[in-house]
Amino acid sequence: MEKTFQIGEIARFFDLAPSTLRYWEECGILAPDKNKENQYRTYSVSDLMAISDAVFYKSLGLPLKQIRDMEQTTPGQHRELLEEKMGELVALQEQVRLRMEKLRCHLAAIDEVERLRTRPYAIEDIDTECIVSFDLIEQDKLRQYIGNPYLYSRVQHSCCLQQEHRGLTVPTEQLDQFPPEQILWQNCGGTYAACLMREEHTQPYKNNLQQLAHIQKSYRTGAVISRFLLCAREDGELYDFYKTFVEVFPKERDGQAEPQYSIFLKEN
């Protein structure tokens, strides 16, 4: 006589809830025998095979309706179904990759805030080549910002910090996609001092750009380029943190020509 199993035994064996087995029965995946007197289910070896197949196909991400119909599909239909599932997983894998990349960028921004705190400023290579104007109603640029908030940049000049222009960093090879009036700044070479800028998130938007005075003790200054890092709370206040690059030149000497500034500012 063929060995049979009760629902509790099957549930423990496959690490499934009894309610899951009952639901699979409702969906037509299983059809166990039932005792006519008490309606208790009894599962055969064949049922074990059906459950094993269902667990396998479920692990591939197939819905129960497709699992139920698997025995009715041809090899070609099997291939079509599984290739479709493979395509979904490849797309999901790309989504996960992009999410991990964004997480790494955000973690790097946090690390950069902590690194910049350790000194008033330091001479560093600027990490951008071009900045174009940015308005929140520009949908394409807004998508770029959402994809990578570190692209958000601010362009100022040390002689008139109140004149501020907001933009997005773009690669040099994309610059021909923008009309000249949208180009706020281009890197023409030069030397930059990097520091941490912290600005209050609410009006009047106070910041610590007075630290330029420390730089101006040793250098003349030109363009001020700020790259957004993150928004976070500190000492009970909400701040936007920026990595700010200040264009610096040696102190002027007699007869020395004025330096070529790397900034292009729109006229108000």
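Structure first, text after, so check above.
Residues numbered from 1 in each chain as written. Predicted model: local features only at pLDDT ≥ 70, side-chain atom pairs only at ≥ 80, totals over all residues. Heavy atoms only, no water.

Engineer: Can you walk me through the overall build of the protein chain in this structure?
Structural biologist: If you tally the helices and strands in the protein chain, you get seven helices and eleven strands. In terms of overall dimensions, the protein chain is more spread out than a globule: its C-alpha atoms have a radius of gyration of 32 Å, far above the 18 Å expected for 268 residues. Considering only C-alpha atoms, the protein chain reaches an extent of 110 × 45 × 30 Å along its principal axes. By sequence separation, contacts in the protein chain at least 24 residues apart represent 67% of the contacts at least 6 residues apart. Here the protein chain displays about 17000 Å² of accessible surface, and carbon together with sulfur accounts for 52% of that area. One way to put it: in the protein chain the 32 positive side-chain charges average out to a point 4 Å from where the 42 negative ones average out. (Helix = DSSP H or I, 4+ residues; strand = E, 2+ residues; numbered from the N terminus. Rg over C-alpha atoms; globule rule 2.2 N^0.38 Å. Contact = heavy atoms within 4.5 Å. Areas by Shrake-Rupley, 256 points an atom, 1.4 Å probe, with all protein chains shown as cover. Lys, Arg positive; Asp, Glu negative; His and termini not counted. Charge placed at Lys NZ, Arg CZ, Asp CG, Glu CD.)

Engineer: Sorry if this is basic, but what is going on with the environment of Asp127 here?
Structural biologist: In this structure, Asp127 sits in the loop between β4 (122–124) and β5 (130–133). In this structure Asp127 comes out as partly exposed when scored by relative accessible area, which is 37%. In this structure, the C-alpha to C-alpha distance between Asp127 and Lys58, residues 69 residues apart in sequence, is 48 Å. Within polar-contact distance, the side chain of Asp127 engages the side chain of Tyr150 at 2.5 Å. (Buried < 20%, exposed > 50% of the residue type's maximum accessible area, 1.4 Å probe, protein only. Polar contact = N/O pair within 3.5 Å; in protein donor to acceptor, adjacent residues only side chain to side chain.)

Engineer: When you look at the sheet that holds strand β6 (residues 152–157) in this model, what are you seeing that I'm missing?
Structural biologist: Within a beta sheet, neighbouring strands are joined by backbone hydrogen bonds and run either parallel or antiparallel to one another. As summarised here, the arrangement of the eight strands in space is β4-β9-β11-β10-β6-β7-β5-β8, forming an open sheet in which the pairing is antiparallel. The open sheet has two free edges, formed respectively by β4 and β8 (183–186), since each of these has just one partner strand. Taken pair by pair, the neighbouring strands of this sheet meet at an average axis angle of 35 degrees, ignoring direction. Bridge analysis of β5 against β8 gives three bridges, and the strand direction is antiparallel. Opposite Val132, over in β8, you have Ile183 as the bridge partner. Contacting β4, β9 (191–200), β10 (220–234) and β11 (237–249), helix α5 (residues 75–116) runs over the sheet at an angle of about 115 degrees to β10. Packed on one face of the sheet, helix α6 (residues 139–147) meets β5, β6 and β7 (165–170) and runs near 70 degrees to β7. (Pairing = 2+ DSSP bridges. Axes fitted to C-alpha atoms, helices over the stretch in contact; angles between N-to-C directions.)

Engineer: Would you mind going over the pairing of β7 with me for this structure?
Structural biologist: A regular strand places its side chains so that they alternate between the two faces of the sheet. Summarising burial for β7: five of the six residues are buried, a large majority. The pairing of β5 with β7 spans four bridges and is classified as antiparallel. When the bridges of β7 are listed, Val132 appears paired with Leu168. Across four bridges, the pairing between β6 and β7 is antiparallel.

Engineer: Explain the packing of aromatic side chains here, please?
Structural biologist: Applying the stated criterion across every chain yields a total of eight aromatic pairs. On the basis of an interplanar angle of 75 degrees and a centroid distance of 6.1 Å, the ring pair of Tyr145 and Tyr152 is categorised as edge-to-face. Put simply, the rings of Phe134, Tyr145, Tyr152, Phe228 and Tyr242 touch in pairs and so form one group of aromatic residues. Seen from the ring of Tyr239, Arg198 lies directly overhead, with NZ or CZ sitting 4.1 Å from the centre. Stacked on the ring of Tyr150, the Lys or Arg Arg227 has its end atom at 4.1 Å from the ring centre. (Phe/Tyr/Trp six-rings, centres within 6.5 Å; stacked < 30°, edge-to-face > 60°. Lys NZ or Arg CZ within 6 Å of the ring centre and 35° of its normal.)

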